[in-house]
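Letter by letter, the chains look like this.
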Amino acid sequence: MTDKNITTPPAARKFFIKTYGCQMNVYDSTRMSDNLSSAGYVPTEKAEEADLILLNTCHIREKADEKLYSDLGRLRLLQEERAKNNAAAPIKIGVAGCVAQAEGEEILRRVPAVDLVIGPQTYHRLPQILSQVETGAKIVETDYATEDKFDHLPLPSAAAVRARGVSAFLTVQEGCDKFCTFCVVPYTRGAEISRPAAQIMREAEQLIAGGVKELTLLGQNVNGWHGLGADGREWDFSRLLFHMAKELPGLQRLRYTTSHPRDMTDSLIAAHRDLAVLMPYLHLPVQSGSDRILKAMNRRHKADDYRRLIEAVRRVRPDIALSGDFIVGFPGEEEQDFAETMRLAADIGYASAYSFKYSPRAGTPGAILNGQVTESAKTRRLQQLQDLLSTQQTAFLHSKIGTVTNILLEKRGRHQGQMIGRSPWLLPVAVQTGAEIGTVIKVKIAAAERNSLIADEADKTAKAVKFA
Ligand code: SAH
Ligand code: SF4
Ligand code: F3S
């Protein structure tokens, strides 16, 4: 397809994007939005006003899929109503993201109201595809593109960068080759690819020039990034972090997510010691504390490997906030296995962690294993684990009371003169201050709420806790 085929939509068609799932989808939605804007579409916050509604979907658990189909049911009615009231400006419905990739044509069969199904690797072609959709064609585009979408996506306009605020996501790695037996990601996102360092730097520089202070590097296995370095050689992820810390002087804070324990190298752990810009927060999913279950999940690490990794990270960065993911009720999980998961969680002490009931996904090896666990056992185990994790979260929040730390102001709070900032440990902090959004201020933590902290602005000379 050539650029000739792009037609500017008549009378600025409005688009609305709803995002489900992980941060990679949040990032993709901003890039799709940039792309649509540069093709002449105008964003709207209201689905009812939109001429194009895109659902950027998640396939990770069954519930995510169900949500999509119930939303599509509602949108179909909206589409019918518009057809009655304003036939000249029909609503087009698009399904993007991981369900689009996994289900393709099937979505059109189930919901004929859908006009477009587009997988994550072809978002750069959206304007061309939409010009066909606008003329009434139904399109399913789920082939993996041969060209690099990142080379073809337009860089965001200055206004689009400003809209991102002070903290922005930047995808550096996509796809997954690990094939954990419960997970759909290798099938929905395809094989692992790492963007070249130079391409990442260009995007980072543009974001920082537009006012971004904090970057979160994203990837399904972000620490598995191994790409073309700025010197033409292959770099690993820690090298990329050192390079960004050195070459992006305007960058105040750097984070990354999500990591796999297998790719948590010594040099990456050293980056947590050596890079002041790298925030003391690590999301490192373990999934289970039982070696038998970890093996069945094809995680290729043992529970004690994970414990040793955490010890090593804590040695260099004692204040690090740890996060993780757990799955309860994977096929074959017995009470003893679950007890080991509880023991592991107790040993680690998370600042915050996510836990899920195992959801069998068609096409993954886990779905056809013997020994599927009953729903009632999954519910009971999940409750037990979440009680422990919630106690740990409260303990972590309370351990910060009385400490002095830096926060990056992100937005205004609900009360007069109140601002919401981000602590180094990712927790939101509310503070009364006259300082501007985008500045880093020193605060003393005064109290803890359920998921956030409350602080008083501290004297500039107050001594910050080490590393913060
Ligand atoms: N790449 C990351 C996680 C990607 S998916 C990693 O390797 O850890 C995010 C989380 O969803 C996973 O960590 C896992 O805890 C959960 N998850 C994935 N597939 C699932 C399934 N079939 N059922 C329940 N939870 C699942
Ligand atoms: Fe899924 Fe495992 Fe890949 Fe993470 S590492 S995305 S859990 S297959
Ligand atoms: Fe969901 Fe796809 Fe992310 S399945 S978790 S949106 S990679």
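As a reminder, the structure under discussion sits directly above these lines.
Owing to the predicted nature of the structure, the values given are computational and were not obtained by experimental measurement.

### A look at the environment of E103
Item 1. Within the fold, E103 resides in helix α3 (residues 97-103).
Item 2. Linking E103 and F16, residues 87 residues apart in sequence, is a C-alpha distance of 22 Å.
Item 3. The residues contacting E103, other than those within four sequence positions of it, are H59, D65 and Y69.
Item 4. Engagement of the side chain of E103 in a polar contact is seen with the side chain of Y69, the distance being 2.5 Å.

### Here we look at the site of ligand 2
Item 1. With respect to spatial proximity, the complete set of residues near ligand 2 consists of C176, K178, F179, C180, F182, C183, V185, P186, N221, H260 and R299.
Item 2. When grouped by side-chain class, the residues that make up the shell around ligand 2 number seven nonpolar, two polar and two charged.

### Considerations on the site of ligand 1
Item 1. Neighbouring ligand 1 are 16 residues, the closest being F182, Q220, Q287, D325 and S359.
Item 2. Separating an oxygen atom of ligand 1 from a side-chain N or O atom of R61 is a distance of 3.1 Å.
Item 3. Contact between ligand 1 and R299: an oxygen atom at 3.5 Å from a side-chain N or O atom of the residue.
Item 4. Protein contact buries 89% of the 540 Å² of open area that ligand 1 shows by itself.
Item 5. Where the shell around ligand 1 is concerned, the elements lending two or more residues are β15 (321-328) and β16 (352-357).

### A short note on helix α1 (residues 23-38)
Item 1. For α1, with 16 residues, the first-to-last C-alpha span of 23 Å sits near the 22 Å given by 1.5 Å per residue.
Item 2. Listed in full, the buried residues belonging to α1 are M24, N25, Y27, D28, S29, R31, M32, D34, N35 and L36.
Item 3. Just downstream of α1, G40 is the residue with a positive phi angle, here 100°.

### Notes on the packing of helix α10 (residues 237-247) against helix α11 (residues 266-274)
Item 1. Where α10 contacts α11, the axes come no closer than 8 Å and their chain directions differ by 25°. Considering the angle they form, α10 stands roughly parallel to α11. By crossing handedness, the relation of α10 to α11 is classed as left-handed. Contacts from F237, S238, L241 and F242 of α10 reach α11 at S267, L268, A271 and D274.

### Thoughts on the pattern of salt bridges
Item 1. Counting across every chain of the model gives 34 salt bridges.
Item 2. The shortest N-O distance in the salt bridge between K246 and E247 comes to 3.5 Å.
Item 3. The class of K246 is exposed, set by a relative accessible area of 65%.
Item 4. Measuring nitrogen to oxygen at the nearest pair gives 3.1 Å for the salt bridge that ties R317 to D319. Side by side, R317 and D319 carry an identical accessibility label, which is buried.
Item 5. Each of R13, D51, R82 and E134 takes part in salt bridges that share partners, so that together they form one network.

Reading the values: rules and limits
Residues numbered from 1 in each chain as written. Chains lettered and ligands numbered in written order. Predicted model: local features only at pLDDT ≥ 70, side-chain atom pairs only at ≥ 80, totals over all residues. Heavy atoms only, no water. Helix = DSSP H or I, 4+ residues; strand = E, 2+ residues; numbered from the N terminus. Contact = heavy atoms within 4.5 Å. Polar contact = N/O pair within 3.5 Å; in protein donor to acceptor, adjacent residues only side chain to side chain. Near = heavy atom within 4 Å. Nonpolar A, V, L, I, M, F, W, Y, C, P; charged D, E, K, R; others polar. Areas by Shrake-Rupley, 256 points an atom, 1.4 Å probe, with all protein chains shown as cover. Expected span 1.5 Å × (residues − 1). Buried < 20%, exposed > 50% of the residue type's maximum accessible area, 1.4 Å probe, protein only. Axes fitted to C-alpha atoms, helices over the stretch in contact; angles between N-to-C directions. Parallel < 35°, antiparallel > 145°, perpendicular 65-115°, else oblique. Left-handed = near helix turned anticlockwise from the far one by under 90°. Salt bridge = Lys/Arg side-chain N within 4 Å of Asp/Glu carboxyl O.

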